[in-house]
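# Coordinate analysis (summary)
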Amino acid sequence: MTEKHGLKIAVSGKGGVGKTTLAALLCHLFSKEGKSVLAVDADPDANLGMALGFSPDELAQVTTIAEDRKLIKERTGAEPGTPGSLFCLNPRVDDIPEKYIVNKGNIRLLQLGQSAAGGSGCYCPENTFLKKLLNHLVLAPNDTVVVDMEAGLEHMGRGTARAVDAFIVVVEPGQRSFQTAAATVRLAKDLGVEKVFAVINKVHPGQEESVCRFLDFLPLLGILPFNPSVIEADLTGTPVFETNGQMVQLAEQIKDKLENNV
Ligand SMILES: Nc1ncnc2c1ncn2[C@@H]1O[C@H](COP(=O)(O)OP(=O)(O)OP(=O)(O)O)[C@@H](O)[C@H]1O
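Residues numbered from 1 in each chain as written. Predicted model: local features only at pLDDT ≥ 70, side-chain atom pairs only at ≥ 80, totals over all residues. Heavy atoms only, no water.

Per an unreviewed UniProt entry, the protein chain goes by the name Carbon monoxide dehydrogenase accessory protein CooC and belongs to Desulforamulus aquiferis.

Given below as structure tokens:
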């Protein structure tokens, strides 16, 4: 890594490929090495909070951006630093209002929540909030932002996409997932994003070679195997990083490769 500021990472991919699982593993690993992590749950279908080990009670205590959409709509209309705006000029992670944040160790979770408008790519206040946040948030060298995104980058403007240091597209073996990945890469290039990487998840023994062949247009950070214990952890509401050493080890390699390439 050449730059001195912290990293902003967005995890994307088709629904159900394992974005939340990978995002939670990365949050855990960054926090374990002493980084201050802002985990942003921007996927209305996901529950990054539970994957990080927050209890339903803890999650219920905070307000999601969607729940506060009227306020957010009013305030995201104003430029940061102006009266009535949500953020001060050049906000830091600590400047995000506490009512939106739930903490666990070094991890601060922010949930955009379920949009009343529904549908991906909408220009709803939640996405406007995310854009402002990614564009204006100033990270200390020790800060890391991990965004669990909804599929697709359609709702991202050029400036916002370029504010992210790396996009990780999670791909599972299958043509539909490859096509989503290809579309994401095309869109990312259109938006001027240089750093787009793939992580292949849910790979069964013997599939590695053919999957890599289909994804030769994307630099690969790593391969995660299909592992029933990941589903088991999900069923019991236990974070994967507490139960599955193999996934943690592989995610660590993914994180190292990412840091060496941004
Ligand atoms: N390597 C794996 N092996 C087996 N199951 C996995 C693996 N990774 C994720 N899963 C399971 O697949 C399901 C979807 O995973 P996850 O929620 O992380 O995906 P997602 O892309 O965030 O989904 P969504 O788009 O619905 O939010 C979960 O039940 C999860 O436990």
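The subject of this paragraph is the packing of helix H1 (residues 19-32) against helix H11 (residues 245-261). When two helices pack together, their arrangement is captured by the angle between the axes and the distance separating the axes. Running from N to C, H1 and H11 cross one another at 75°; their axes reach a closest spacing of 9 Å. Classed by the angle they form, the pair H1 and H11 counts as roughly perpendicular. Where H1 approaches H11, its residues Thr21, Leu22, Leu25, Leu26, Leu29, Phe30 and Lys32 are matched on the opposing element by Met247, Val248, Ala251, Glu252, Ile254, Lys255 and Glu259. (Axes fitted to C-alpha atoms, helices over the stretch in contact; angles between N-to-C directions. Helix = DSSP H or I, 4+ residues; strand = E, 2+ residues; numbered from the N terminus. Parallel < 35°, antiparallel > 145°, perpendicular 65-115°, else oblique. Contact = heavy atoms within 4.5 Å.)

Quick look at the site of the ligand now. Every one of the 20 residues lining the ligand counts as a neighbour, but Thr20, Thr21, Asn201, Asn227 and Asp234 are closest to it. In this structure, Gly18 approaches the ligand through a main-chain N or O atom, which is 3.0 Å from an oxygen atom. Protein chains bury 84% of the 640 Å² of accessible surface belonging to the ligand in isolation. Looking at the shell around the ligand residue by residue, the classes come out as 7 nonpolar, 7 polar and 6 charged. (Near = heavy atom within 4 Å. Polar contact = N/O pair within 3.5 Å; in protein donor to acceptor, adjacent residues only side chain to side chain. Areas by Shrake-Rupley, 256 points an atom, 1.4 Å probe, with all protein chains shown as cover. Nonpolar A, V, L, I, M, F, W, Y, C, P; charged D, E, K, R; others polar.)

A separate point is the sheet that holds strand E2 (residues 36-41). Taken in spatial order, the 8 strands line up as E3-E4-E2-E5-E1-E6-E7-E8 in an open sheet, and their pairing is mixed. Of all the strands in the sheet, the pair left with one neighbour each is strand E3 (101-104) and strand E8 (220-225). Adjacent strand axes in the sheet meet at a mean angle of 20°, parallel and antiparallel pairs treated alike. As paired strands, strand E1 (residues 7-12) and strand E5 (residues 143-148) are joined by 5 bridges and run parallel to one another. Residue pairing across strands places Leu7 opposite Thr144, the latter belonging to E5. Across the sheet, helix H5 (residues 125-136) lies against E1, E2, strand E4 (107-111) and E5, angled at about 155° from E2, the strand it touches most. Lying over the sheet, helix H7 (residues 175-190) contacts E1, strand E6 (166-171) and strand E7 (196-203), oriented at roughly 165° with respect to E6. (Pairing = 2+ DSSP bridges.)

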